[in-house]
Amino acid sequence: MGMAGSTFDADTLRRGIEADTSETLLSLYADDAELRVVDRNTQPSRPAVLHGRDEIARLLDDVYSRDMTHKLEDCVVQGDRAAYSESCVYSDGVRVLSESMLSLRDGKIVDQTLIQAWDE
């Protein structure tokens with residue numbers, strides 16, 4: 001098979017992030033993926049850690065149920081690593097910016113650290 005189907009697709013990431021539901025984005029995660037979230041509430045010494053696609057799905061479903069827009073600002077893919085920036089705006093104008101570093105396996109996200117900040 002070679003490399004076919006094993007590379008991470010930034011276009012799919014963009015479609016997933018900017019979609020109205022979490023379905024496409026969730027498809028990019030491996031079953032055993034781990035996601036760490038660092039923000040005002042879950043600080044670097046105690047990040048929120050989600051294990052597996054089911055836990056990640058619950059987070060994403062919650063995020064995509066909110067009245068907000070999501071935009072992929074930038075994405076860099078290099079081998080089995082990727083990084084991206086995402087900006088979000090709630091309907092009331094509050095802005096959120098997040099930066100993610102990813103580890104990839106067979107084109108799927110296996111490890112993600114997401115750092116986010118928002119207007120207060």
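Just above, that's the structure.
First, a word on what this report is: a plain description of the structure on this page. (Residues numbered from 1 in each chain as written. Predicted model: local features only at pLDDT ≥ 70, side-chain atom pairs only at ≥ 80, totals over all residues. Heavy atoms only, no water.)

1. Considering the side chain of threonine 42
Following the sequence through the fold, threonine 42 ends up in the loop between strand S1 (29-38) and strand S2 (48-51). Within the structure, the side chain of threonine 42 is placed 2.8 Å from the backbone oxygen of valine 37, a separation counted as a polar contact. Beyond its immediate sequence surroundings of up to four residues, threonine 42 is in contact with Val37, Pro47 and Ala48. (Helix = DSSP H or I, 4+ residues; strand = E, 2+ residues; numbered from the N terminus. Polar contact = N/O pair within 3.5 Å; in protein donor to acceptor, adjacent residues only side chain to side chain. Contact = heavy atoms within 4.5 Å.)

2. Examining the pattern of salt bridges
Under the defined criterion, the tally for this structure stands at eight salt bridges. Between arginine 53 and aspartate 31 there is a salt bridge, with its nearest N and O atoms 2.2 Å apart. Of this pair, arginine 53 sits in helix H3 (residues 52-64) while aspartate 31 sits in strand S1; the two residues are 22 residues apart in sequence, bridging distant segments of the chain. Residue classification places aspartate 31 among the exposed positions, given a relative accessible area of 58%. (Salt bridge = Lys/Arg side-chain N within 4 Å of Asp/Glu carboxyl O. Buried < 20%, exposed > 50% of the residue type's maximum accessible area, 1.4 Å probe, protein only.)

3. Overview of the sheet that holds S2
Taking strand neighbours across the sheet as the criterion, the six strands line up as S2-S1-S6-S5-S4-S3 in an open arrangement whose pairing is mixed. Each end of this open sheet is capped by a strand with a single partner; those strands are S2 and strand S3 (68-78). Each strand of the sheet is rotated relative to its neighbour by a mean of 15°, with strand direction disregarded. Summarising the sheet, S1 and strand S6 (residues 108-118) pair through six bridges and their orientation is parallel. The residue of S6 that forms the bridge with tyrosine 29 is isoleucine 109. Lying on the sheet, helix H1 (residues 10-18) is in contact with S3 and strand S4 (81-90); it crosses S3 at an angle near 165°. (Pairing = 2+ DSSP bridges. Axes fitted to C-alpha atoms, helices over the stretch in contact; angles between N-to-C directions.)

4. Topic: H1
Taken as a whole, H1 has its buried residues at Thr12, Leu13, Gly16 and Ile17. Take H1 and look down its axis: the buried residues cluster within an arc of 130°, on one side only. With respect to the buried face of H1, the exposed residues turned more than 90 degrees away are Asp11 and Arg15. Those residues of H1 hidden inside the fold are in contact with helix H2 (23-26), H3, S3 and S4. (Arc of directions from axis to C-beta.)

Honestly, that's just the spatial picture; any functional story needs more than this.
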